[in-house]
Every structure is written in C-alpha cells, then in structure tokens.
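Structural characterization, general
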Amino acid sequence: MEQLGLEGMPRRLYSCTPSRLNTWLDCRRRYRFSYLDRPAPQKGPPWAHNSVGASVHNALAAWWREPYERRTPRMAAILLTNGWIREGFRDEEQSALWRDRAREMVSGYAETLDPADEPVGVERTVATRTSVIAVSGRIDRLDRRGDELVVVDYKTGRRPLTEDDVRSSLALAIYAIAASRMMRRRCHRVELHHLPTGSVAEWEHGDESLGRHLRRAEEIALEASDADEAYRAWASSGGGTGRSRGSSRGGSANTAPSEGAVAAAIPADVEARFPPSPGPICSWCDFRRHCPEGRAASADRLPWDGLATAGDQNQTGAASTAGSTDVSA
C-alpha cells in the first residue's frame, strides 16, 4: 500500500530556550553535544565561577520568598552562606574566601532593594510561540513599575555590562516579549544588574527592535531545526545504534583517548552541519576534551581560573567572577 505523503503539512514548532539558540550561534558542535547526542559526552569538571554565580542567584531568589520583615541584607548573607555551592574551587580555603566575597555582594545588593516592592515574579518561567518557534525561559526577576513590566537579570561576571550588552541580548528581548504576551501588560524595558559593581545597564526596546529580535530567533530556529532533522533522521534509521561512546566516559581535560569516537560514526554530510567554532572561548567549554579543534585553538584552564584576581576587583572593592555560558538564562 502506498504511503500518503505529508506535503503541505504545517512544520512542527521548534521548541527551545534562548540558551539553546545562543548555543547554536556560538558553536554548532557544542550544540550537538548538548542537545542531540544521547548519551551526551561527559562534561569537564565544574567551574568555580559557575558555583559563585549560581549561589548568588539562588540566594537572591530565596530572599524575595522570605516574609517582608525578614528581607534584610543580613538575611541575604545568611541565605548565601546556607546555600553555598563548593564545587570547582581549588580547596576549602579558596571556597571560603569566595563565599565571604559573595556574601558581601548579595548583602550589599539587598541594601539597594525595597523589600516592600514585591516583584511580579522571581525565577519566573515565561513562554511564547510564533508560527516557527515555541520558546520559553526563566527570568531572574520581573518587576512592575507603574503600568509596565521590567525584566531584571542578575550578572556576576568580572566584566561590567554596557548598554550594548542589554540592547543586543536575544534572551532579554524574548523574555520581554513572552512576559508581555502572558501577562497582557507592556514590557519593553530590560536591565542587567551587575552585582560586583552595583551598576545597572538598561535598555528600552520599541516594538520594532523586539520584532527584530524575534525574527532573528526564528531565523536561528529554522537553521537549527533543519540540522536537528538531519541528525534525527540518521539516528532513527539505526545510525545511532551501537556507536562507540568512549568519548563520553572519563578522560582528563588535557587528553581525549577516544576523541572523535562519536563523530566518526556520524555521516560526513550530517557532521558537516555541526562544525566547531574554535577560538579563545573554547578554554571554557564543558565539552573541550571531545573537540580537538577547540583544544588546539585555546589554552587549558583550571576549574578556578574564571575567578577574578585582585587586579580584577572593581572600584568598590567587591570581587567578581568570570562570565558563564549558562548561569542565568
């Protein structure tokens, strides 16, 4: 019996987060490792700067969940201490040093907040869809100011943020669009709050600029979706059965005894859709051990190398941490 064709059927929506879209832009090989290969190749050791960032985000989220009378700078410090993540540090002494610095960071930031100014959402998941994508993400904080909503994203990286960082952020624009649609309230303002310096970088989008970001997200989604389909078609045909997964087990950051084991099993035309993007940022890639091009393009890093040194400390004296690829959204 002849199988009916599917021509004219609507294209399936591409489900994604802003992080997934940005991973496609940054490095398509890392995208494949993160979202398609199953089991995924083993990641490298945890990064200390990610532990700092996650600890700070968790403490601030928990602070807003406290009763009003307990929302004090001291409580922010207590929450940071109680939820401190110790992974990635050289030793307990270094961990304790950065715990104390992070505690000062969150307590100092809490001093700038009005505990009575209840956010609309904390760690709030928002979502929207178009004819191309179904996108969702989690906002650090969603404020109401007057009749409008404001997207607030916390940052703990060593580099202070600029207006360009906020204006060009695909994630922040998508959060604004999704929040506005879900809550039926205008949301055009987005902000990056840099906790180490206490600075705020802000941008007021217009309908046109938000539309450009959304169209860009759709363009990325179409590219990634086509590559996904090629990969899945090969995998579903039996191409993924019995593949060597040696590269997903063990190995040091400097050696990859089974490097290429997964890639070698993938047909060249499929593999070509997921090329690496070698460069300095490869030093910080979780999948570095599985990518010879990335290792050749950048130096090895120790798990605590992303922490700021004394020379990186800002004028207020607060220490900061290196930026992370997936700490906040």
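Structure report, in brief. (Residues numbered from 1 in each chain as written. Predicted model: local features only at pLDDT ≥ 70, side-chain atom pairs only at ≥ 80, totals over all residues. Heavy atoms only, no water.)

What follows is about the overall build of the protein chain. For the protein chain, the helix and strand inventory stands at 11 helices and six strands. Across the 329 residues that make up the protein chain, the buried fraction comes to 46%. Contacts spanning at least 24 positions in sequence make up 70% of the contacts within the protein chain whose residues lie at least 6 apart. (Helix = DSSP H or I, 4+ residues; strand = E, 2+ residues; numbered from the N terminus. Buried < 20%, exposed > 50% of the residue type's maximum accessible area, 1.4 Å probe, protein only. Contact = heavy atoms within 4.5 Å.)

What follows concerns the nonpolar core. Taken as a class, soluble globular proteins show a tendency for nonpolar side chains to be buried jointly. Membership of the largest hydrophobic core comes to 42 residues, with the highest contact counts inside it found for Tyr14, Leu21, Ile133, Val151 and Phe274. The set of elements that each furnish at least two residues to this core consists of strand S1 (14-16), helix H1 (18-26), strand S3 (133-145), strand S4 (148-155), helix H7 (170-183), strand S5 (189-194) and helix H8 (207-239). Excluding its chain neighbours within four sequence positions, the residues that come into contact with tyrosine 14 are Arg20, Leu21, Tyr31, Val132, Ile133, Ala134, Ala221, Ala224, Ser225 and Asp228. Among the nonpolar cores identified, the runner-up in size contains 28 residues, and Ala76, Trp84, Val122 and Tyr154 belong to it. (Core = buried A, V, L, I, M, F, W, Y, C linked by side-chain atoms within 4.5 Å.)

The amide bond that connects arginine 38 to the next residue, proline 39, takes the cis arrangement and shows omega of 0°. In this structure, proline 39 sits in the loop between helix H2 (28-35) and helix H3 (48-65). Unusually for a residue other than glycine, glutamate 123 sits at a positive phi of about 50°. Within the secondary structure, glutamate 123 is located in strand S2 (residues 121-129). With phi around 55°, arginine 184 is a residue other than glycine that occupies positive phi space. Residue position: arginine 184 is located in the loop between H7 and S5.

The next subject is the pairing of S5. With five of six residues buried, S5 lies mostly within the body of the structure. With six bridges joining them, S4 and S5 adopt parallel strand pairing. Residue pairing across strands places valine 152 opposite glutamate 191, the latter belonging to S5. Bridge count for S5 against strand S6 (residues 199-204) is six bridges, and the pairing is antiparallel. Each bridged residue has a counterpart across the sheet, and for histidine 194 the counterpart in S6 is serine 199. (Pairing = 2+ DSSP bridges.)

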